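The lines below spell out each chain.
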Amino acid sequence: SFSHPWGITVYSDDDILITERGGNLFKVNLRSGSKLKIKNLPEVFNIRQGGLLDVLVDQMSATEKKVYICYSSKVSNGSSTSLLVGELRGNELIKKKVLFRANNVSTSSVHFGCRLAILGSEIFMSIGDRGNRYEAQDMKSHAGSIIRINKGNGSSKNLNSVNSWSPELFTKGHRNPQGMAVNTITNDIWVNEHGPKGGDEINIIKLGKNYGWPIVTLGEEYWGGKIGQGLTTLEGFEDPIWYWVPSIAPSGMTFYNKSMFPEFKGNLLVSSLKFKSIYLVELKDGLPFREKILFKNKFGRIRDIEQLKDGSILIISDEKEGALYKIYR
């Protein structure tokens, strides 16, 4: 079992990597079930939602792999959503380099975002609003954003010339985005995020666009009552392509493109923490049009989801005694 596992990624045909929010990274062999604890990890700010969060492997060549880790790091005056790259040698993370630290430093222990995706030579990382909603509309702050940087050296110059934002800012106006998946058919990145009470969203992110939080939202305050002026759509802001009212608390997400489950193929699988299930979001002409709820209450709070080469599906449950599950036929 794992204590609050958060991120899962495929390392090789037989091995995967799993993070524990408390600061551990394990290499798990899917054949033997063995767990190798990785040493030399970054120190994390492990309070409430903070800690060692997402992990992503980039297969550079047949012999070279890079491991990217998104985590909340301790900095003076609080903590920051941060990105580190390294390589695995045996049970150790080597050649470590911090590629990015968000500038929205806060003492808050919520809304770190911290999901990762790679497209070409660039890596994308989500950053939440850290509970300070108005900062999601501050174009000098990394709060409530998806950032994009060069996956090798962390540089961002020449990447964003569409507006006056910082060059690493790809999109703004997000609340707490914790799911990210590359649509390999269109090469778009899809992101899901937690709304407040209602208003969880799926968005296709486009450079320089603003997704509205907290000016535009389909959610309401936790105690009821509208947020701001209660606007659910507004010119100049992007509407979600799919949303949930009430909230499902979406987290991990993957486009299923294998054959083991033909009924899932070409559609999106989204893990739900709140309803302890997987949502199959079916696509038509490239956009969501209906959903089905799978495996309700079988696995606990599903934090992340991944598919293997053979088409089987891996999920992790974010519980004090969480676990890794494999779904196959």
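Look up a bit, the structure's there.
Residues numbered from 1 in each chain as written. Predicted model: local features only at pLDDT ≥ 70, side-chain atom pairs only at ≥ 80, totals over all residues. Heavy atoms only, no water.

Looking now at the overall build of the protein chain. A tally of regular secondary structure across the protein chain gives zero helices and 23 strands. Relative to the compact-globule value of 20 Å for 329 residues, the protein chain shows a C-alpha radius of gyration of 18 Å, a close match. Scored against the burial criterion, the 329 residues of the protein chain give a buried share of 59%. When contacts within the protein chain are restricted to residue pairs at least 6 apart in sequence, those whose partners lie at least 24 apart make up 55%. When the accessible surface of the protein chain is summed, it comes to about 13900 Å², and 48% of that surface belongs to carbon and sulfur atoms. Looking at charge distribution, the protein chain has the averaged site of its 43 positive side-chain charges lying 4 Å from that of its 34 negative ones. (Helix = DSSP H or I, 4+ residues; strand = E, 2+ residues; numbered from the N terminus. Rg over C-alpha atoms; globule rule 2.2 N^0.38 Å. Buried < 20%, exposed > 50% of the residue type's maximum accessible area, 1.4 Å probe, protein only. Contact = heavy atoms within 4.5 Å. Areas by Shrake-Rupley, 256 points an atom, 1.4 Å probe, with all protein chains shown as cover. Lys, Arg positive; Asp, Glu negative; His and termini not counted. Charge placed at Lys NZ, Arg CZ, Asp CG, Glu CD.)

On to the state of the cysteines. A complete count under the given rule lists one disulfide for this structure. A disulfide bridge connects Cys70 with Cys114, and the sulfur atoms are separated by 2.0 Å. What sets the handedness of the Cys70 and Cys114 disulfide is the S-S torsion sign, and at about -105° it is left-handed. Residue Cys70 is found in strand S6 (residues 65–75), and its partner Cys114 is found in the loop between strand S8 (92–101) and strand S9 (116–119); the two are separated by 44 residues along the sequence. For Cys70, a relative accessible area of 0% gives the class buried. (Disulfide = S-S within 2.5 Å.)

Attention now moves to the side chain of Ser312. Inspection of the secondary structure puts Ser312 in the loop between strand S21 (302–307) and strand S22 (313–317). Using a relative accessible area of 0% as the deciding quantity, one classes Ser312 as buried. Reaching out from Ser312, the side chain makes a polar contact with the side chain of Asp310 at a distance of 2.6 Å. Beyond its immediate stretch of four places on either side in the chain, Ser312 contacts Met260, Glu306, Gln307, Lys326, Ile327 and Tyr328. (Polar contact = N/O pair within 3.5 Å; in protein donor to acceptor, adjacent residues only side chain to side chain.)

The next thing to look at is the environment of Ser121. Considering the arrangement of structural elements, one finds Ser121 in the loop between S9 and strand S10 (122–127). The partly exposed category is assigned to Ser121, whose relative accessible area is 42%.

Moving on, we come to the side chain of Ser126. Counting through the fold element by element, Ser126 comes out in strand S10. A polar side-chain atom of Ser126 sits 2.9 Å from the main-chain amide nitrogen of Arg115. At a separation of 2.7 Å, a polar atom in the side chain of Ser126 contacts the main-chain carbonyl oxygen of Pro177. Those residues in contact with Ser126 that sit more than four places away from it in its chain are Thr81, Phe112, Gly113, Cys114, Arg115, Ser145, Ile146, Pro177 and Met180.

A few words on the pattern of salt bridges. What the rule picks out here adds up to 18 salt bridges. Between Asp14 and Arg31 there is a salt bridge, and its shortest N-O distance comes to 2.8 Å. Here Asp14 is found in the loop between strand S1 (5–10) and strand S2 (15–20), whereas its partner Arg31 is found in the loop between strand S3 (24–29) and strand S4 (35–37), with 17 residues between them in sequence. Among the residues examined, Asp14 registers a relative accessible area of 25% and is labelled partly exposed. In this structure Arg31 comes out as exposed when scored by relative accessible area, which is 69%. Note that Lys74 and Glu43 form a salt bridge whose closest N and O atoms lie 3.0 Å from each other. One end of the pair, Lys74, is in strand S6; the other, Glu43, is in the loop between S4 and strand S5 (52–59), with 31 residues separating them in the sequence. (Salt bridge = Lys/Arg side-chain N within 4 Å of Asp/Glu carboxyl O.)

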